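# Coordinate analysis (summary)
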Amino acid sequence: LTAKNTLVVNAADKNIWVSTKARVIKVQPLPTKINPDLSTSFGSYTLPLPAPHLSANIAIAVEIANILGASKRQIKEGIQKTVLAPHRMQPINLKNGGLIIDDVYNASPSATQQAILTLDHLARMTKRVPVLVFGQMNELGEFEESEHQKIGELIKKLKIKHVITRGPATKGLGIYCETNEQVLEKMQPFLNSKYLILMKSSRGWKMEEIIESISSQ
């Protein structure tokens, strides 16, 4: 890159090392509430989604939109229209004040780790007790055992005490359930304003059925 170019980078990513003559714009998400703030050189914005780990991507998009000539109004309207696919970090507010983060669309090791970190962050932010409902990460082949062990280590590190699991590779990580009906039963004590529940699972475990059952209660 030359001095005529602009480089936009995520300031929170410790793996990025920059040495260039180009103008460098560093973006930094500010996750101070459930819907995180973005601080950019073009202004501050609030995201309409509870996913701090996604905010840096959108902040970079804001900077690029600014470089391309978009107005603040256009950028703000675009951000407010941000919609994730169904069952991707979607907040579900229960009638009794309970809160569930529905992230059962799918589960890879990296996405699961980020979702659990978000659970920990949002639970501390909202002063709620974190609860993890975790369905096995499928299609990992020879890495199935080791990757689930890593998730277990993260759960232990973050001191998440309430864990409900489904799928044989999750045995030993929490309260194990053979069926979604059992998962729903074990979730009942946590469906209130004291707790923040993250549901994270591969599609094969059909945990969206649990979401539907809870929503209809």
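In what follows, the structure referred to is the one given above.
Heads up: these notes are all about the structure in this document. (Residues numbered from 1 in each chain as written. Predicted model: local features only at pLDDT ≥ 70, side-chain atom pairs only at ≥ 80, totals over all residues. Heavy atoms only, no water.)

What follows covers the packing of aromatic side chains. Applying the stated rule across the entire model yields 1 aromatic pair. When the ring of Phe 190 is compared with that of Tyr 195, the centres are 4.9 Å apart and the planes differ by 85°; the resulting orientation is edge-to-face. Relative accessible area serves as the criterion here: at 12%, Phe 190 is assigned to the buried category. Residue Tyr 195 is classed as buried on the basis of its relative accessible area of 11%. Sitting over the ring of Tyr 105, Arg 203 keeps its end group 4.8 Å from the ring centre. (Phe/Tyr/Trp six-rings, centres within 6.5 Å; stacked < 30°, edge-to-face > 60°. Buried < 20%, exposed > 50% of the residue type's maximum accessible area, 1.4 Å probe, protein only. Lys NZ or Arg CZ within 6 Å of the ring centre and 35° of its normal.)

Moving on, we get to unusual backbone geometry. Of note, Lys 127 is a non-glycine position whose phi angle comes to about 55°, a positive value. You can see Lys 127 is positioned in the loop between α3 (109–126) and β7 (129–135). Residue classification places Lys 127 among the exposed residues on the basis of a relative accessible area of 78%. The backbone phi angle of Lys 159 is positive, close to 60°, even though this residue is not glycine. By the secondary structure assignment, Lys 159 is in the loop between α4 (144–158) and β8 (162–166). A residue is classified by how much of its surface remains accessible, and Lys 159, at 67% relative accessible area, is exposed. (Helix = DSSP H or I, 4+ residues; strand = E, 2+ residues; numbered from the N terminus.)

Turning our attention to helix α5 (residues 180–187). Residues of α5 that are buried include every one of Asn 180, Val 183, Leu 184 and Met 187, and no others. Buried residues along α5 cover an arc of 100° about the axis, so they all sit on one side. The exposed residues of α5 that point more than 90 degrees off its buried face are Glu 181 and Glu 185. Elements in contact with the buried residues of α5: β6 (99–103), β7, β8, β9 (175–177), β10 (195–200) and α6 (208–215). (Arc of directions from axis to C-beta. Contact = heavy atoms within 4.5 Å.)

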